[in-house]
Amino acid sequence: MTRTRRIARVITSIYDHFLRPHGINAPQFSLLVLIAKMGGASRSEIGRANHQERSTLTRNLALLLAEGWIEEVVSDAGGRRRPIVISNTGSQLLESAAPSWRDAQARAKELLGDAGANAIVEVADSLPLTEPYE
């Protein structure tokens, strides 16, 4: 497990380095991509999809909301569900930062090698959608 965390820190630092000029870090960028792909989801749906506990997700969403990269949609019907969607500003950020993300991916793949990068993708794709200990 120590090696897994070390790999995660090194790879995250590569992405952070390439994204820094855009004012966003790797976890924020990943969360923004997820929200864009989900096209309007509740906090709990986002948390489950991102394997994040409620307090961590709340903190991360608060920052994205404060930056104006995402918005909560308030329904005219007054219901409790307030889906979170990517804002125009967030979409523009994703578009402008995408080349830097791809550069980071290339650097990470170079560091890991084809076999290492493919192994990580294979493991990630095989993970359960719910917590494995439930």
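In the block above lies the structure referred to throughout.
One structure accompanies this document, and this report is about it. All values reported here derive from a predicted model rather than from experimental measurement.

All right, on to the overall build of the protein chain then. Within the protein chain, the secondary structure is distributed over five helices and two strands. Ordering the α and β elements of the protein chain from the N terminus gives α-α-α-α-β-β-α. With the principal axes as the frame, the protein chain shows a C-alpha extent of 50 × 40 × 20 Å. Put simply, the protein chain has 134 residues, and 27% of those count as buried. Counting only contacts in the protein chain whose residues sit at least 6 apart along the sequence, the fraction spanning at least 24 positions is 56%. Of the roughly 9100 Å² of accessible surface on the protein chain, 53% is carried by carbon and sulfur atoms. Averaged over its 16 positive side-chain charges, the protein chain has a centre that lies 6 Å from the centre of its 15 negative ones.

The end-to-end C-alpha separation of helix 1 (residues 2-19) is 26 Å, in line with the 26 Å expected for 18 residues at 1.5 Å each. Buried within helix 1 we find I11, I14, Y15, D16 and L19. Contact partners of the buried residues in helix 1: helix 2 (26-38) and helix 5 (88-126).

On to the environment of G116. Mapping G116 onto the fold places it in helix 5. As for G116 and Q28, which are separated by 88 residues in sequence, their C-alpha atoms are 24 Å apart.

This part takes up the packing of aromatic side chains. Pairs of aromatic rings are described using the distance from one ring centre to the other and the angle between the two planes. Tallying each qualifying case throughout the model produces two aromatic pairs. With centroids separated by 4.4 Å and ring planes inclined at 50°, the aromatic side chains of Y15 and W101 adopt a geometry described as tilted. Of this pair, Y15 sits in helix 1 while W101 is found in helix 5, placing the two residues 86 residues apart along the sequence. For the pair formed by Y15 and W101, the shared burial category is buried. Ring centres of F29 and W101 lie 4.6 Å apart, and the angle between their planes is 20°; this geometry places the pair in the stacked category. In this pair, F29 sits in helix 2 while W101 sits in helix 5, placing the two residues 72 residues apart along the sequence. Owing to a relative accessible area of 4%, F29 belongs among the buried residues under this scheme. What links up through ring pairs into an aromatic cluster is the set Y15, F29 and W101.

Calculation notes
- Along each chain, residues carry numbers from 1 onward, in the same order as the chain's sequence is written.
- Reporting of local features is limited, given that this is a predicted model, to residues whose pLDDT is at least 70; pairs of side-chain atoms are given and counted only at 80 or more, and all residues count toward the totals for whole chains, interfaces and linings.
- Heavy atoms throughout the structure, all of them, feed into the side-chain values; hydrogens and water do not.
- Where helices and strands are cited, they refer to DSSP runs of H or I of at least four residues and of E of at least two residues respectively, numbered from the N terminus.
- Note on exposure labels: buried denotes an accessible area under 20% of the residue type's maximum, exposed denotes more than 50%, and partly exposed covers the range between, all computed with a 1.4 Å probe on protein chains only.
- Here a residue-residue contact requires only that any non-hydrogen atoms of the pair lie within 4.5 Å.
- Shrake-Rupley sampling with a 1.4 Å probe provides the accessible areas, and residues are treated as covered by the protein chains on show and by no other component.
- None of His or the chain ends enter the tally, which takes Lys and Arg as positive and Asp and Glu as negative.
- To locate a charge, take NZ of a lysine, CZ of an arginine, CG of an aspartate or CD of a glutamate.
- In this scheme, a helix's expected span is set at 1.5 Å multiplied by one less than its residue total.
- Stacked, tilted and edge-to-face are the three classes assigned to paired rings of Phe, Tyr and Trp, where Trp is represented by its six-membered ring and a pair needs centres within 6.5 Å; plane angles under 30 degrees give stacked, over 60 edge-to-face, the rest tilted.

The values reported here are purely geometric and, on their own, carry no functional implication.
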